[in-house]
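Coordinate analysis (summary)
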Amino acid sequence: SASCGGGECSASCGGGIQSRTRSCDNPPPAFGGAPCAGDAMDTQECNTDPCPVDGGWTEYTEWTECSASCGGGIQSRTRSCDNPPPAFGGAPCAGDAIDTQQCNTDPCPVDGGWSSFGEWSECSNDCGGGQEVRERTCTNPTPANGGAQCEGESGESRECYETSGCGQNGMQICFLESEGSSQCQGARDTCSGLSSNPAWTLGFRDDTDSRGGGCKYQWSIKQFTPTIKRDYRVCFRETEGSSQCQDSRNSCSGWSSDPAWTLGFRDDTDNRGGGCNYSWLVEERENQNRNSPQVCRVCFRETEGSSQCQGNRDSCSGWSDGGLTQVFRDDTDSRSGGCNYSWKLECKDSP
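Residues numbered from 1 in each chain as written. Predicted model: local features only at pLDDT ≥ 70, side-chain atom pairs only at ≥ 80, totals over all residues. Heavy atoms only, no water.

This next bit is on unusual backbone geometry. Cis peptide bonds are those with omega within 30 degrees of zero, and the linkage from Asn26 to Pro27 qualifies with -5°. A cis geometry characterises the amide bond from Asn83 onward to Pro84, with omega recorded as 0°. Mapping Pro84 onto the fold places it in the loop between strand S3 (73-78) and strand S4 (98-103). Although it is not a glycine, Asn47 adopts a positive phi angle of roughly 45°. Positionally, Asn47 belongs in the loop between strand S2 (41-46) and S3. (Helix = DSSP H or I, 4+ residues; strand = E, 2+ residues; numbered from the N terminus.)

Turning next to the state of the cysteines. In the structure shown here, the tally under the stated rule is 15 disulfides. One disulfide bridge connects Cys184 with Cys215, the sulfur atoms lying 2.0 Å from each other. Judged by the sign of its S-S torsion, about -120°, the bond between Cys184 and Cys215 is left-handed. Taken together, the residues Cys184 in strand S8 (residues 184-186) and Cys215 in strand S11 (residues 214-224) connect sequence positions 31 residues apart. The residues Cys184 and Cys215 share a single accessibility class, namely buried. Each disulfide pairs two cysteine sulfurs, and for Cys309 the partner residue is Cys339, the sulfurs being separated by 2.0 Å. Taking the torsion about the sulfur-sulfur bond, which here is approximately -120°, the covalent link between Cys309 and Cys339 counts as left-handed. Of this pair, Cys309 sits in strand S18 (residues 309-311) while Cys339 is found in strand S21 (residues 338-349), placing the two residues 30 residues apart along the sequence. Judged by relative accessible area, which is 7%, Cys309 ranks as buried. (Disulfide = S-S within 2.5 Å. Buried < 20%, exposed > 50% of the residue type's maximum accessible area, 1.4 Å probe, protein only.)

Turning our attention to the environment of Cys235. Among the secondary structure elements, Cys235 is positioned in strand S12 (residues 230-238). A relative accessible area of 2% means that Cys235 is categorised as buried. Excluding residues that lie within four positions of it along the chain, Cys235 makes contacts with Trp200, Ser251, Cys252, Ser279, Trp280, Leu281 and Glu283. (Contact = heavy atoms within 4.5 Å.)

Taken as a whole and judged by the stated rule, the model has 25 aromatic pairs. With a centroid separation of 5.8 Å and 50° between ring planes, the pair formed by Phe175 and Trp219 is classed as tilted. Here Phe175 is found in strand S7 (residues 170-177), whereas its partner Trp219 is found in strand S11, with 44 residues between them in sequence. Given a relative accessible area of 2%, Phe175 falls into the buried group. Taken together, a centroid distance of 5.5 Å and an interplanar angle of 80° make the contact between Phe328 and Tyr341 edge-to-face. Within this pair, whereas Phe328 is found in strand S20 (residues 328-331), its partner Tyr341 is found in strand S21, the two being separated by 13 residues in sequence. The pair formed by Phe328 and Tyr341 is uniform in burial state, with each residue classed as buried. Grouped by ring-pair contacts, the aromatic residues Phe175, Phe204, Tyr217, Trp219, Phe236, Phe265, Tyr278, Trp280, Phe300, Phe328, Tyr341 and Trp343 constitute a single cluster. (Phe/Tyr/Trp six-rings, centres within 6.5 Å; stacked < 30°, edge-to-face > 60°.)

A full pass over the atoms with the stated rule returns 19 salt bridges. With a shortest N-O distance of 2.5 Å, Glu240 and Arg205 are connected by a salt bridge. In this pair, Glu240 is assigned in the loop between S12 and strand S13 (245-247) and Arg205 in strand S10 (residues 204-207), connecting sequence segments 35 residues apart. Several salt bridges share partner residues, and in doing so they unite Glu179, Arg329 and Asp331 into one network. (Salt bridge = Lys/Arg side-chain N within 4 Å of Asp/Glu carboxyl O.)

Put into structure tokens, the structure is as follows:
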């Protein structure tokens with residue numbers, strides 16, 4: 001008979017088989033007739049196009065190194081869409097080829113850093129030598145998360161010298177006249193104010209108008225509470241201004257760091273009238289190079305050498321101990337000439 005129609009393909013792609021059959025009944029063999037020649041079934045390939053292959057992921061690689069050692073970083077791993085690769089219209093792999101995660105999320109160690117030093121403290125002694133300190137803190141930044149502490153000391157100290165609790169402090173010059181003739185008037189035994197608060201001695205008046213005798217002069221330096229970082233000088237003034245009083249009537253010595261005499265003052269009694277009114281003081285100033293307390297002495301000199309000028313014409317006092325210069329005598333009894341006076345202050349480190 002005729003063939004039956006072809007059957008469905010056994011596969012939708014990649015090659016299948018479909019078949020058809022026929023029967024040996026057209027007519028069937030009979031009365032010893034021969035059977036039909038050939039096969040009752042016929043087959044053929046079908047749907048021979050390759051099947052689509054969907055992509056498949058490989059295993060992930062190892063994680064990369066973390067991008068930061070602390071404080072939170074990122075690490076990644078990758079995979080490939082080739083297990084198998086998509087083909088013949090197959091679908092690509094679903095998802096991402098790169099996977100990331102956070103790593104090393106513990107906070108980083110913070111090493112400590114010093115703040116600036118604070119102000120110096122008050123001196124530990126308010127009268128004399130002591131120590132003053134200043135501090136800093138390990139807070140810039142503060143060590144954290146296992147970070148190192150600050151290196152070095154949190155405080156430092158230095159020597160200081162304070163006089164605020166000492167009461168009186170500084171140097172003063174003292175004057176003494178010891179003959180006491182009628183020529184010698186006014187304050188015959190007087191001291192200046194302290195150099196920390198300068199004030200002139202009381203005035204001593206040398207009056208030669210028809211008076212006799214002479215005057216014996218001496219000076220000394222006294223000290224209260226030695227201080228550091230100070231220079232000193234002695235000053236002289238004459239305030240009457242008669243014809244007897246000549247040359248420099250108001251001058252100061254050099255500072256004790258560079259001693260120098262006052263300018264010369266001349267007491268001239270040759271046929272002159274009036275008198276001279278004298279006073280002295282000691283001043284101080286700051287000198288950062290003076291790191292030890294000072295002791296000082298006043299020196300006096302007379303440089304004209306007339307017969308009026310007697311006794312010790314060049315001498316110095318004791319060192320800050322009240323010790324007097326040697327006696328100088330101004331004698332106007334029928335004597336002529338004049339006397340030229342000057343003073344200076346010398347200081348040295350206290351022993």
